[in-house]
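# Observations on chain architecture
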Amino acid sequence: MTIKAITLDGVEKNFGAVKALAGVTLRVDAGECLGLVGHNGAGKSTLMHMLNGTLSPDKGVLSIDDTTVGSGWSAAAAQAAGVRCVFQELSLCPNLTVAENARIVHRPLKGFGWKARATALIVTKLNEIFPGHGIQPGDEIAELSIGKRQMVEIARAFTVTDTALRLVILDEPTSSLDAVTAKQLLDYVKRETSAGTSVVLISHLLGDILGTANRIVVMKDGKTVTERPAANFDRSSLVTAMGSAHAAKSTFKREHDFSTQQVLVEAHSGTMQFEIRKGEIVGLTGLAGQGQTQMLLRIFEKRDAKVQGRTAFVAGDRQSDGVFHLWSIGQNITVRSLKALRKMGLIAAEDEESMASDWQQSIKIKTPSMNNNILTLSGGNQQKALFARALASDAEIILMDDPMRGVDIGTKLEVYDIIKSEAAKGRCFVWYSTEIDELQHCHRAYIFRSGAAIRSLAKDALTEEQVLQASFAESAA
Amino acid sequence: MKQLLRQAWVWSFIAAAAVWLITITYTRGQGAGEILTAALSFATFTIIVGLGQMLVITAGPGNVDLSIPATITLSGVVAMKVMDTNEAMLVAGIFASLAVAITVGVFNYGLIRLLRIPPIIATLSSSFVVLSSAIFLGHGLRIKPPTSLSDFATARIVGIPWVTILVLLLSIFVGLMIKRSIYGRTLLAIGQNPRAAWLASLATGRTRFLTYVASSLLAGVCGILLSGFSGGAALNMGEEFLLASIATVIIGGTSVAGGRASVPGIWGAALFMYLLVTMLNTFGAGAGVRLVLTGLVIILVISIAGGGEEQRS
Amino acid sequence: MINRSTLRMLLPFLSLAVVLIATFYVAPLTRSYFGLNLMLQYSVPIALATIAQMFVITIGDLDLSIGPFVGLVSCIASTLLFSNPALGILALLACIVAYGLVGALVYWRNLPSIVVTLGLSFVWLGIAVLILPSPGGKAPSWLSAMMGVKLPFVPFPIVAAVSIGLVVHFALMNSSWGVVARGAGGNPKSLARAGWSMLQTKVAMFMLTGFFGVLSGLALLGLTTSGDAHVADRYTLYSIAGVILGGGEFVGGRVSPIGAVVGALTLALAGSFLIFLNISPDWQIGAQGAILMIVLALRALLSPREAVR
């Protein structure tokens, strides 16, 4: 008989209009390694924050050992229940040493001799998981390489003082580890689970998941779609399970030939020659965070890249990169075009207003007045305003940083049409997107992995399978 | 009306008016006009530096100019020294003094940019040097301003000081710049979200540079006028303007989190601060009570206005 | 080969050594027990104020009111503590509690500490003026006796400054509690995830600032023997400069108590050094500002370029 460590029943979580989790039912048994896979935005992180107590469900039940935990579920309660998390963004204190960081999560490490005990605790665990790690307990985190930081963070999650370990959640734990340490970790996970601890392993490296997990759960659009013992999966069946059922087709009916057009952007990325011509819509894709945004910023800054023309940036992370939250919708649109709106040194109010209302018309921003604050708009309409900002400008090159995050499908379709007509007028678009469906609106795409472009796919090759095959490579053999 | 009351700066005027009314009720209407005239004269100097501090604070969290008092003193001393009571040197003195002030601003921004240190420390350490230069130049001297300067600084028309009228024009200019110039828009954008401002292709570096220079320049103007007004430069003439400049900006409704500036609020707040002191003096309160109340008012206003809550985490 | 980060760590000590050697060279008379004692006596209250400032800087705040607060303490101690010790102690404790409340206010309303403490500086000054409108009062005799103590071989100010540095260093850098306090400055989110209360941490750190401010005021009164509301106005600048000179950083919880004491000593010595050089006292604070800039410039040179990615 299996003992259930933690179960989720019908858990839902919404962020505004976005449904991050749409009723997830999940069981983690004691002593098993559960593999969790799915695309970017499938709801894996939200699920993890739920287990860790940093988010609470809008709906549904979370229980431990068959005991339902109610509103009292918090980060501290999760700690006390023996649930630990290794987040993708590291959560060590950079100004503290390795041993001191162990103290932060262990309250019993206090009083006389705490430092010796903390040192022994973390060093023992590091030795156990990563023999030959070369990390000193007195090293300051800020001075360690990113890989070593990750090793410390993982080892810390497995250390035990007063509460027994029940569940450790590892989110992309091998993303900064080299092949040797990654293998050390996965071997340790197997040993640890056979000793009774549960582990949830989230990774885009399918080989790691297939080789380590006992059971695999596939998530998609905030739901679990498939759940099977790991032995019943292989690479291609896993990829198929993650993908969408319908095969999207390119929305371009005619072949386009851009080879005679002027080259606007020229750069090197890894071993690839990166080139974008006038009128082209070029996708940057692959898994999330593989250097696509950095490529956009390189073009934006004209750093190590030959760029012919003015650029405008469409942010995907609206709050941190795009929206000016104190300003009206109109001001948020005109901010990129102020120079053109000047009359005798001052910004002409009527020109500004007419630019705002023109774009309200052409991009269909739903608002009673463009003078309303930008935050009165829904996320999709805020995003339209950011598109309008770039399109209203004098830029020939539009850089888009995964701009459709959390945008509803209706808005998306409208914006796709605008992009296409603007491209037909001679602008070029560099479009970072992780959604395969979106790539159907590109003339071609570059696949990024580990910070560089690794493949270029022509329009016809932009199928889900091709992109996934190129993206989900094995961990370095 | 309701919309007007929602503006933070309106409250600074209401507070100023309330304090004035309480004072003249206490004095049974005596000196009502004189109090206002005096308030305008003294508040004017605070308003000048308040405008500069407002621009700096609007550039976002961490931006504050602590070198304003030292710059006021140095430019006052330089002006008096160059003019040396000589009418013919009036213009030369003004130019020399403003050139020094601009240099301080350039230096401040240079420290922030080149040493990559927070503006507080940059302006603080440069204020040490600036103040020392002032002490050195002004050593043992108390030069009277040329008559034309002191006449100008104290002249009035129907009870309103000329300087106040000029500063009103200056305020309108600054307000216009903030609302309708590219510099102003860029400043407001940086204050709300520096990264988004950069990604919107705005000239963020140049704007911050101009902001620190403007703040120093206005401190220089204040130093010259104040020397003319009070019969010469004194080494402690800038002291009170550190708190005054920051307090007027915050009480006036400019956001400490950056991105929102309020020029009228500076007028209301500067008048309020001066009238509050006048009221306490009228009541016979000593220096201690005045100081405690001034401090508490600032803490109260900032607590109500809140800090970074406009920024979503 | 000494690497950059070691050099960075040694910078405060090197700065002190440079100023000390220069002083010894220019004024050989200072190379004596008496000379050092005289030259360094005021470094004790400055060091204490610097430590006070360091606690708030650890959690990313700044206290612009520490100078007037030290003045207030000197006023309370020269009047209340002198005439009615019980009441005096109670008043000083109330001051520390007030600091804690300010910390709570800063946390709850998410306020910029600069503005709050700037307002607070007026409150302290006002209360000080109310207690002691003009300089006066008298230091309790035990205080003056303590500050005037003559130790064998090593002058008292040096022993006092070094002990303060070591005690606080142990508490903040070596105790399990100090780790949490510094962690709160380094990565507050991680602390919260581990279930620590940021409110408690903030209040505790502000109260420690108050506590060391009280010690600074008492030490200063022991030297001046009479109270004065304005006696420590420059301490705000000194304390901030001292923390920075000592290798502290404004954000990220990186501070060094021993460095802070060394920074305070450097500033105090720099003042004397300039006098010995026959440089007019006009340039005293200017030179202190220049030292601050030079050290910051050296540090900028020695720190690795912030990685963009």
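Computed from a prediction, not measured in an experiment: that's the story for all the values here.

Rules used throughout
- Residues numbered from 1 in each chain as written.
- Chains lettered and ligands numbered in written order.
- Predicted model: local features only at pLDDT ≥ 70, side-chain atom pairs only at ≥ 80, totals over all residues.
- Heavy atoms only, no water.
- Phe/Tyr/Trp six-rings, centres within 6.5 Å; stacked < 30°, edge-to-face > 60°.
- Helix = DSSP H or I, 4+ residues; strand = E, 2+ residues; numbered from the N terminus.
- Buried < 20%, exposed > 50% of the residue type's maximum accessible area, 1.4 Å probe, protein only.
- Lys NZ or Arg CZ within 6 Å of the ring centre and 35° of its normal.
- Contact = heavy atoms within 4.5 Å.
- Buried area = accessible area lost by both parts, 1.4 Å probe.
- Salt bridge = Lys/Arg side-chain N within 4 Å of Asp/Glu carboxyl O.
- Expected span 1.5 Å × (residues − 1).
- Pairing = 2+ DSSP bridges.
- Axes fitted to C-alpha atoms, helices over the stretch in contact; angles between N-to-C directions.

### Some thoughts on the packing of aromatic side chains
Counted under the stated rule, the structure contains 19 aromatic pairs over all chains. Between the aromatic rings of Phe42(B) and Phe229(B), the centroid separation amounts to 5.6 Å while the plane-to-plane angle is 85°, which identifies the pairing as edge-to-face. Placement of Phe42(B) in helix 3 (residues 32-58) and of Phe229(B) in helix 11 (residues 204-229) is noted, with a sequence separation of 187 residues between them. On the basis of relative accessibility, which here comes to 41%, the residue Phe42(B) falls in the partly exposed class. Here the aromatic cluster, defined as three or more aromatic residues joined through ring pairs, consists of Phe42(B), Phe45(B), Phe229(B) and Tyr274(B). Sitting over the face of the ring of Trp196(C), Arg107(A) holds its NZ or CZ atom 3.9 Å from the ring centroid. Positioned above the aromatic ring of Phe233(A), the side-chain terminus of Arg228(A) is 4.3 Å from the ring centre.

### Some points on the interface of chain C and chain A
As a measure of interface size, the accessible area lost when the parts come together is often cited. Chain C puts 24 residues into the contact, and the matching count from chain A is 29 residues. Here chain C meets chain A over a buried area of about 2000 Å², counting both sides, of which 49% is carbon and sulfur. Counting the surface chain C buries against chain A, the share from its top three residues, Ser176(C), Arg193(C) and Trp196(C), is 32%. Run the count over chain C and chain A and you get 2 salt bridges. Notably, a salt bridge pairs Arg254(C) with Glu140(A), separated by 3.0 Å at the nearest N-O pair.

### Section: helix 14 (residues 287-305) of chain B
With 19 residues, helix 14 of chain B ought to run about 27 Å at 1.5 Å a step, and its terminal C-alpha atoms sit 27 Å apart, in line with that. Among all positions in helix 14 of chain B, only Gly288(B), Leu291(B), Val292(B), Thr294(B), Gly295(B), Val297(B), Ile298(B), Ile299(B), Ile302(B) and Ser303(B) are buried. At its buried positions, helix 14 of chain B is contacted by helix 12 (241-251) and helix 13 (263-282) of chain B together with helix 5 (85-108) and helix 6 (113-131) of chain C.

### A few points about the sheet that holds strand 13 (residues 281-286) of chain A
All names here are of chain A. What the 6 strands build is an open sheet, ordered 15-18-19-13-20-21; its pairing is mixed. Edge positions in the sheet fall to strand 15 (311-314) and strand 21 (452-458), since each of these pairs with one other strand and no more. Pairs of neighbouring strands in the sheet enclose a mean axial angle of 20°, with direction left out of account. Where strand 18 (residues 397-401) and strand 19 (residues 428-432) come together, 5 bridges link them in parallel fashion. Among the inter-strand pairings, Met400 is bridged to a residue of strand 19, identified as Trp431. Packing against the sheet, helix 9 (residues 292-301) makes contact with strand 13, strand 15, strand 18, strand 19 and strand 20 (444-449), and its axis sits at approximately 155° to strand 18. Against the sheet, helix 13 (residues 379-392) engages strand 15, strand 18 and strand 19, with an angle of about 175° to strand 15.

### Remarks on the interface of chain C and chain B
Taken residue by residue, the interface counts 40 residues in chain C and 43 residues in chain B. Buried area between chain C and chain B, both sides added, is near 3500 Å², and the carbon and sulfur share of it is 80%. Considering only the side of chain C, the residues that lose the most area to chain B are Phe122(C), Asp282(C) and Met293(C), jointly responsible for 18% of the buried surface there. Mapped onto the side of chain C that touches chain B, the elements with two or more residues apiece are helix 6, helix 12 (235-245) and helix 14 (284-302) of chain C. Counting residues per element, the side of chain C that touches chain B draws most heavily on helix 6 of chain C, which supplies 13 residues.

Note that all results are geometric; they support no functional claim without further evidence.
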